[in-house]
Amino acid sequence: MLKLLCLCLGLAAATGAAIAGVTEDAGAAEPADLVGDAAEPAGVAGDADLADMDELFTLYEQLLAAQFVGLETPVLAGPDTPPPCAPGRAGVTRGLLVAADQWTGHEPSWLQGPVNDVAFLRNAMVARGAASENLHMLLGDDATRAGFDAAAAQLLAAAGCGDSVMLHISGWAFGAEIIAPSLGDGGPFDSDEIAPTLAELAARSLEGNRFDRLAAAGPFVILNQSAPGVADVLSPAALSDYITALRNRGADVTVILDTSDAEALRLEDRQAQVDPARLWRETVRAGSTAPVAPPAMLSAGAGAMTVYYGTGIGELTVEMLLPRGAPDRRYYGVFSFRLATALLQAERTSPPALSRMIATLEADGQVDRQWTHVFSTTDPERDLIAESRPPASQQKGSIRIIDPAPTRAAARMDMPRVTLRGQVQAAAETMIVTVNGQTALSAPDGSFSHDIDLQAGVNRIDVLAMTRDNQPLTHSFELYFEGDMAALRGTGTRYALLIANQDYPEGSGLAPLETPIGDAEALAALLTADYGFVTEAVTPEGEALPLFLRNAGRIEIETALYQISRIAGAQDTVLIFYAGHGIYEQATQGAFWLPVDARAGLPFSYLPAAAITDAILRIEAGSVLVISDSCYSGALLRGEAVAEAVEGDRLRALQRLAAKRSRIVIASGGNEPVLDGGGGGHSVFARALLTGLAEMEDEAFSARELFDRYLLPLVVGQAAQEPQYRPIDRAGHEGGDVVLARVE
């Protein structure tokens, strides 16, 4: 009989529908019969030969199914029927953390880091507020495919509306180019005798071959081996279906894959295919009249989904050793360690906040190249941890700062560089200490030191320690290096994007306005002369980008907003001023800016609030201030009307506000019409804005101070409209306020 290995290798020489001739009778064969000497190709295959090949392909499929546990098996035994959301249910954080280290029967090949990864990550989540009883680690025999399915079913039964569910897997992921059944005594990843890979079968077999679909289903997450001679795997399709079931219970799901080739799983693409708002989809098989059973679709009340990929396509996962130089060092996955550290130190646990924090962290100097981390989410404002951060007194130890001596307020420093010295106080030895994401010099007894370069003004110092029992400890404090107004002016660029829509064309159904262009011109002159803003930028391609838009259409406005997101960096400030028509649609409860190419009664020609929020979310600038002078502008960008007060030492207070990532909107009115005119050649609101910017007695001030002192009292006193101030919801606001400082 033709040996399977020889057959598949012979396919490489075949062209079109021709394959190598068969030299032995085809009959039922056991897997052990498939190893032997190859026969030479002899001519073109006939119908009988093709039947032989088909039988052998069937045998190959049987080997795959026998040796790869869970290759095409769903996580859940059947469809899930989610219960209705209970009114007023308080969401909690739940987690399933999988350490897939024992992926092969060859013990020297086991990964060393996954067990430490999940332990440290679990402790970090608890330190951030999650309840330990809701976080389950799968280790050893529990991290097999059967163990994962059982734990996943329990998690699904417990999950409900408002919960934040985290699925974390640390291990390997292999594509079809690695997946191949064994032809020897060992398992798929243990034997020296293996059949051709799944990718080779898909590429070499005849037209319409049945291995294409299976090869395209990877890469597969490799779990712990459940028995000798097999590999336990989890397909992206099975994982995606399980995510759908969790989301349909109203839970927000975060998936963290610290594996090789993680991005190639493309879970967000699979989730898009089950979103009924995205597309209609049906799959059929050639020669069959019955459609293939579709995956479960997302329901109307489905929760959000976030995916963190530890590696890009084609990259291997990487581990590091802690503590550095110690004989009994331990392995940790670099991405899992960075994510746990970000959870502990970021202001928020939203995807943008965590991704920015991860970007600042080093891997203890042990990784000699940059690895790709990819973040994808349906809701950038959704926090991974549902609970509030507990007080520091609940930590299992403490960090004591020895020098500089701690004070109640920010300790004043005379020099721009200071050596920080401290002591970790915990029952277990200290593994690592980081200061603002950089590895400090530390000893097992907990003593540490680190040189810090201070910026003028208030400097926040975040210290993180991890002990040998994988417990995290954190401590934050402030140091103050004497600065002047330069600290508030900063080193970044201040961009002013001004949109003045005045001359709405005849036939648009929108009346022309009188003041927007004049308002914007006066504001531009004041901002550039007194506050150092620019109204022209340069794109990454070197092209000039005007930021003063007169009578702009929708495409022009959205293009300018997008280009600003490509230009502005973390140290920059962006001010967006809009003057023109606005409208509120009762049916959708949505507010809109009206470009000059808008047509009354045609909502698709308007610029919706959601598009504006998305544009702001893309902007990386540290501070973004939107000032909207239009009807119904108060309904545009919703958020809670709260702000931090400027109290005590004014310079320090403003520096603290400016240090946080802020997204603020000031609107000329609430959900109401506003006046065009009434302000001596300007609108009432624009006149108040210009007056405030010109007459503010302080050299630097917050947007809230400008609003309270000038905008609110001057507008309310002259018109039946009430300006609004608030942080912008779902746009990346992390506290603080926009600070405006006059140039010298």
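Residues numbered from 1 in each chain as written. Predicted model: local features only at pLDDT ≥ 70, side-chain atom pairs only at ≥ 80, totals over all residues. Heavy atoms only, no water.

- You'll find the protein entered in an unreviewed UniProt entry as Caspase family protein, with Fertoeibacter niger given as the organism.

1. What about the pattern of salt bridges?
Consideration 1: Here the structure, examined in full by the defined rule, presents 25 salt bridges.
Consideration 2: With its nearest N and O atoms 3.6 Å apart, the salt bridge here joins arginine 266 to glutamate 263.
Consideration 3: With relative accessibility at 16%, the residue glutamate 263 sits in the buried group.
Consideration 4: Aspartate 328 is the partner of arginine 468 in a salt bridge, and the nearest nitrogen-oxygen pair spans 3.5 Å. A residue pair is termed long-range when its members are at least 10 positions apart, and arginine 468 in the loop between β20 (457–467) and β21 (472–481) and aspartate 328 in the loop between β10 (319–322) and β11 (330–333) qualify at 140 residues.
Consideration 5: The network of salt bridges with shared partners includes Glu697, Asp698, Glu705 and Arg709. (Salt bridge = Lys/Arg side-chain N within 4 Å of Asp/Glu carboxyl O. Buried < 20%, exposed > 50% of the residue type's maximum accessible area, 1.4 Å probe, protein only. Helix = DSSP H or I, 4+ residues; strand = E, 2+ residues; numbered from the N terminus.)

2. With respect to the packing of helix α12 (residues 516–531) against helix α16 (residues 684–695)
Consideration 1: Look at α12 against α16: their axes get within 10 Å of each other, and the N-to-C directions meet at 15°. One element, α12, and the other, α16, form an angle in the roughly parallel class. In terms of crossing hand, the pair formed by α12 and α16 is left-handed. Residues Asp519, Ala522, Leu523, Leu526, Leu527 and Tyr531 of α12 touch α16, and the partners they reach there are Ala686, Leu689, Leu690, Leu693 and Ala694. (Axes fitted to C-alpha atoms, helices over the stretch in contact; angles between N-to-C directions. Parallel < 35°, antiparallel > 145°, perpendicular 65-115°, else oblique. Left-handed = near helix turned anticlockwise from the far one by under 90°. Contact = heavy atoms within 4.5 Å.)

3. Points about the nonpolar core
Consideration 1: Val574 and Ile576 are the most contacted members of the largest nonpolar core, which totals 38 residues.
Consideration 2: Filtering out sequence-adjacent residues up to four positions away, isoleucine 576 remains in contact with Leu497, Leu561, Trp593, Ile619, Val624, Leu625, Val626 and Ile627.
Consideration 3: Counting residues in hydrophobic clusters, the runner-up holds 37 residues, among them Phe148, Ala151, Ala159 and Ala262. (Core = buried A, V, L, I, M, F, W, Y, C linked by side-chain atoms within 4.5 Å.)

4. Some words on the state of the cysteines
Consideration 1: Per the counting criterion, the structure on display carries 1 disulfide.
Consideration 2: Here cysteine 85 connects covalently by a disulfide to cysteine 161, the sulfurs 1.5 Å from one another. Taking the sign of the S-S torsion, about -60° here, the bridge from cysteine 85 to cysteine 161 comes out left-handed. With cysteine 85 in the loop between β1 (68–69) and β2 (93–99) and cysteine 161 in the loop between α4 (145–158) and β4 (164–170), this residue pair connects regions lying 76 residues apart in the sequence.
Consideration 3: Judged by relative accessible area, which is 14%, cysteine 161 ranks as buried. (Disulfide = S-S within 2.5 Å.)

5. As for the packing of aromatic side chains
Consideration 1: Taken as a whole and assessed by the stated rule, the structure comprises 15 aromatic pairs.
Consideration 2: A centroid spacing of 5.7 Å and a plane angle of 75° characterise the contact between tryptophan 103 and phenylalanine 174, whose relative ring orientation is edge-to-face. Of the two residues, tryptophan 103 sits in the loop between β2 and α3 (114–128) while phenylalanine 174 sits in strand β5 (residues 172–174), which places them 71 residues apart along the sequence.
Consideration 3: A residue is classified by how much of its surface remains accessible, and tryptophan 103, at 11% relative accessible area, is buried.
Consideration 4: On the basis of an interplanar angle of 85° and a centroid distance of 5.2 Å, the ring pair of tyrosine 308 and phenylalanine 375 is categorised as edge-to-face. Pair noted here: tyrosine 308 is in strand β9 (residues 305–309) and phenylalanine 375 is in strand β12 (residues 374–377), with a separation of 67 residues, a long-range link.
Consideration 5: Given a relative accessible area of 28%, phenylalanine 375 falls into the partly exposed group.
Consideration 6: Put simply, the rings of Phe68, Trp103, Trp172, Phe174 and Phe189 touch in pairs and so form one group of aromatic residues.
Consideration 7: One residue, arginine 550, lies across the ring of phenylalanine 548, its end atom 3.8 Å from the ring centre. (Phe/Tyr/Trp six-rings, centres within 6.5 Å; stacked < 30°, edge-to-face > 60°. Lys NZ or Arg CZ within 6 Å of the ring centre and 35° of its normal.)

6. Quick look at the environment of alanine 195
Consideration 1: Mapped onto the elements of the fold, alanine 195 is located in the loop between β5 and α5 (198–204).
Consideration 2: Overall, the relative accessible area of 3% leaves alanine 195 in the buried class.
Consideration 3: Each C-alpha atom, one on alanine 195 and one on leucine 63, is 9.6 Å from the other, the two residues being 132 residues apart in sequence.

7. Some thoughts on unusual backbone geometry
Consideration 1: Along the chain, glycine 218 connects to proline 219 via a cis peptide bond; the corresponding omega equals 0°.
Consideration 2: You can see proline 219 is positioned in the loop between α6 (212–216) and β6 (220–222).
Consideration 3: Cis rather than trans, the peptide bond between aspartate 403 and proline 404 has omega equal to 5°.
Consideration 4: Mapped onto the elements of the fold, proline 404 is located in the loop between β13 (398–403) and β14 (411–413).
Consideration 5: We note that aspartate 261 has phi near 55°; this positive angle belongs to a residue other than glycine.
Consideration 6: Inspection of the secondary structure puts aspartate 261 in the loop between β8 (252–258) and α8 (267–272).

8. Here we look at the side chain of arginine 661
Consideration 1: Residue position: arginine 661 is located in the loop between α15 (650–659) and β32 (662–667).
Consideration 2: This buried residue, arginine 661, is left without a salt bridge; glutamate 620 holds the nearest opposite charge, at 4.0 Å.
Consideration 3: At 3.4 Å, the side chain of arginine 661 forms a polar contact with the backbone oxygen of glycine 732.
Consideration 4: Residue contacts for arginine 661: discarding those within four places in its chain leaves Arg356, Leu617, Ile619, Glu620, Ala621, Gly622, Gly732, His733, Glu734 and Gly735. (Lys, Arg positive; Asp, Glu negative; His and termini not counted. Polar contact = N/O pair within 3.5 Å; in protein donor to acceptor, adjacent residues only side chain to side chain.)

9. A closer look at a nonpolar patch on the surface
Consideration 1: A cluster of nonpolar side chains, namely Val115, Met137 and Leu139, defines an oily patch on the protein surface of about 190 Å² accessible area.
Consideration 2: With respect to the helices and strands, the residue methionine 137 is situated in strand β3 (residues 135–138). (Patch = residues over 30% accessible without salt bridge, like charges linked within 9 Å, V, L, I, M, F, W, Y side chains within 5 Å. Areas by Shrake-Rupley, 256 points an atom, 1.4 Å probe, with all protein chains shown as cover.)

10. Some remarks on the environment of methionine 431
Consideration 1: Its place among the elements puts methionine 431 in strand β16 (residues 430–435).
Consideration 2: Linking methionine 431 and aspartate 469, residues 38 residues apart in sequence, is a C-alpha distance of 9.1 Å.
Consideration 3: Excluding residues within four positions of it along the chain, methionine 431 makes contact with Leu322, Pro323, Arg330, Tyr332, Met466, Thr467 and Arg468.

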